[in-house]
Amino acid sequence: MRGSTDDSTTDCAFPCDVITMRRVILKCDHGASTIVMLTAVVRDLHSSCPDQFQTAVRTRYPELWRNNPHLAHLDPRDPDVEHIDCNPPLTQRSDDPPFHFIHGFLRYLGNLLNVDIKPTLFRGDLYLSRREKSWMSQVQELTGDEIPFWVVCAGGTFEKTIKWWEHERFQAVIDTFRDRILFVQVGAQGDYHPELNGVVDLRGKTDLRQLIRLIHHAQGVLCPLNLLMHLSAAVETKHDSPNRACVVISGGGRSTQWQRYPTHQFLHTIGSLICCDTTGCGRQRTHSLGDNSLSDAADKICVDVVGDLPHCMHMIGTADVIRSIRRYFDGGVCNYLSANEIDVTQRTLAGLSRNTFEEKSQLGEQPVPMPQDQL
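Rules used throughout
Residues numbered from 1 in each chain as written. Predicted model: local features only at pLDDT ≥ 70, side-chain atom pairs only at ≥ 80, totals over all residues. Heavy atoms only, no water. Helix = DSSP H or I, 4+ residues; strand = E, 2+ residues; numbered from the N terminus. Buried < 20%, exposed > 50% of the residue type's maximum accessible area, 1.4 Å probe, protein only. Polar contact = N/O pair within 3.5 Å; in protein donor to acceptor, adjacent residues only side chain to side chain. Contact = heavy atoms within 4.5 Å. Core = buried A, V, L, I, M, F, W, Y, C linked by side-chain atoms within 4.5 Å. Pairing = 2+ DSSP bridges. Axes fitted to C-alpha atoms, helices over the stretch in contact; angles between N-to-C directions. Patch = residues over 30% accessible without salt bridge, like charges linked within 9 Å, V, L, I, M, F, W, Y side chains within 5 Å. Areas by Shrake-Rupley, 256 points an atom, 1.4 Å probe, with all protein chains shown as cover. Salt bridge = Lys/Arg side-chain N within 4 Å of Asp/Glu carboxyl O. Phe/Tyr/Trp six-rings, centres within 6.5 Å; stacked < 30°, edge-to-face > 60°. Lys NZ or Arg CZ within 6 Å of the ring centre and 35° of its normal.

1. A short note on the side chain of H216
Tracing the chain through its elements places H216 in helix α6 (residues 208–217). A relative accessible area of 3% means that H216 is categorised as buried. A polar side-chain atom of H216 sits 2.8 Å from the main-chain carbonyl oxygen of E236. Not counting residues up to four positions away in its chain, the partners in contact with H216 are L128, K133, V235, E236, T237, K238 and R244.

This is the structure:
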C-alpha cells in the first residue's frame, strides 16, 4: 500500500478511470474521534460505490490516514474536483437517532453526495504498514520482553470534565490486578492525567501514530469516553486475536447506541437517573471553570453532582470496572501474566520508579521517518 503523511491527499492506491469518476475532497476539522468515524465512512463509500469516486481528505490528523488505500492525490485547484464540507452537526442530535455515530455519519455524507452508503464493518478504518507491525512496542523496549499489557487513560480534557472518573478509583482497579495485568498509562500533555502508581508511565510520550501502534500491541484498554475507545475498535489486533478487550466508563453523558461498540464492556447509567432517564444529558463539565468556554455555559454544566463527580459517574464503582475487566479473562479472550512475565514486570516497574519523569521521557520508541516504498 502507498500513502502520504500530509493533511490533504494520498497517492491513489487503486486503478481508476479519472474521466468517469467523481473526484471529491472531504474536509473535516472536528476532533480525532470524529476523524476515526470518517475513515469508516470513506471505506464504506468505496465499498458501496465501487469505481465511482476518487477521494482525498483534509483534516487535522494525517496520522489517522497513513497507509489508507482508499485515498487519491487530487489537486484542490482542479475545477472538476468537488469540495465537500463534511463537518457533521451530529453531536447535537446524537441522543435521538437509534444508530451509532458511524451510521449517522454515513447517512450525513450520503445525503451530501446523493448516494446510498451502506455500512460494512462496525469500526473505524485504520491501517498499519508491514514495517510498523514488525516494530516492537514501546513496552517491549522497556521490558525487553513481549509482555501482554492494557492501556489505561485515567483523565481527559478540561473541555469535557464530565467524562472524568475519580483518580483514586482508577488506582484501586490497578491495585486489584497488580501482578496479574500490566497497565500502561497514556495521556496528552496539557490535559488532566494524574499519575497512577504501579504502571508503565507513557503520559506525554506518544504522538498519535505511536498511540495507534501501542493500541495494536495492547491486549486491552481501560478508558472513559474518548479517542482510545474508538482506536480500540479500529486498530488491527495483534496475532489475529478475535477482538481487543475494552472497558469504557461512560456514565450518563452520551446515549449508549451512539458510542458503544459490540465487543466493549460499556458502563453507563442511562435510565437510572432523572437527568439521563432516556438519553445522555449532553452536558460537558462537572463544575464551571470560569474560562468563558462554550463548555462553561450554564446549560453545559452537570445538574447532579456528588462530591467531585457527576452522579452518573459516581454510581459506577470500582467493583463494576473490576468485574468488567475480569469477564475478558474469565471468558478466555485475555490471559493473566505468567510467573515469568510477573518477574519481568516487577523488575521493569522497579527500574522505572528510580528514574525521574524527565529521564523516563527519553525511553521508548522514537518516531522514525518511513520511506513511501517501505509502507
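2. Examining the nonpolar core
Of all hydrophobic cores here, the largest spans 65 residues; its most connected members are L26, L38, L64, V151, L228 and L231. Here this core takes nine residues from helix α1 (residues 32–48), the largest share from any one element. Leave out the neighbours within four places in its chain, and L228 touches V151, C153, V186, L211, I215, V221 and C223. Counting 29 residues, the second-largest nonpolar core is a separate cluster that includes F170, F177, I322 and C334.

3. Here's the deal with the environment of D320
One can find D320 in helix α10 (residues 318–330). Measuring from C-alpha to C-alpha, the distance between D320 and L267 comes to 7.9 Å, with 53 residues separating the pair along the chain. Every residue in contact with D320, bar those within four places of it in the chain, is listed here: L267 and M315. One polar contact links D320 to R323, side chain to side chain, over a distance of 3.3 Å.

4. Here we look at the sheet that holds strand β1 (residues 22–27)
With respect to topology, three strands assemble into an open sheet ordered β2-β1-β3, the strand pairing being parallel. At either margin of the open sheet sits one strand with a lone partner, and together these are β2 (53–58) and β3 (81–85). Within this sheet the neighbouring strands show an average axis-to-axis angle of 25 degrees, counted without direction. Looking at chain direction, β1 and β2 are connected through six bridges and run parallel. Counted as the bridge partner of L26 is V57 from β2. Where α1 meets the sheet, its contacts fall on β1 and β2, and the angle it forms with β2 comes to roughly 170 degrees. Against the sheet, helix α2 (residues 101–113) touches β1, β2 and β3, its axis set at about 140 degrees to β3.

5. Things to note about a nonpolar patch on the surface
On the surface, F158, Y192 and L289 cluster together to form a nonpolar patch covering roughly 260 Å² of accessible area. With respect to the element layout, F158 can be found in the loop between β4 (149–152) and α5 (167–176). Accessibility expressed as a relative area gives 37% for F158, which makes it partly exposed.

6. Comments concerning the environment of E82
Positionally, E82 belongs in strand β3. On the basis of relative accessibility, which here comes to 26%, the residue E82 falls in the partly exposed class. Between the alpha carbons of E82 and L113 there is a distance of 9.8 Å; along the sequence they are 31 residues apart. Ignoring sequence-local partners within four residues, the contact set of E82 consists of R22, R23, V24 and I25.

7. Considerations on the packing of aromatic side chains
This structure, assessed with the given rule, holds eleven aromatic pairs. Consider the rings of F158 and W164, whose centres lie 5.4 Å apart with planes at 75 degrees: the pair is edge-to-face. We classify W164 as buried; its relative accessible area is 16%. Here the aromatic rings of W164 and Y192 are separated by 4.2 Å at their centres, their planes lie at 20 degrees, and the arrangement is stacked. Placement of W164 in the loop between β4 and α5 and of Y192 in the loop between β5 (182–185) and β6 (200–201) is noted, with a sequence separation of 28 residues between them. For Y192, a relative accessible area of 30% gives the class partly exposed. Cation over ring: R180 sits above Y336, and NZ or CZ is 5.3 Å from the ring centre.

The analysis is restricted to geometry; functional conclusions fall outside its scope.
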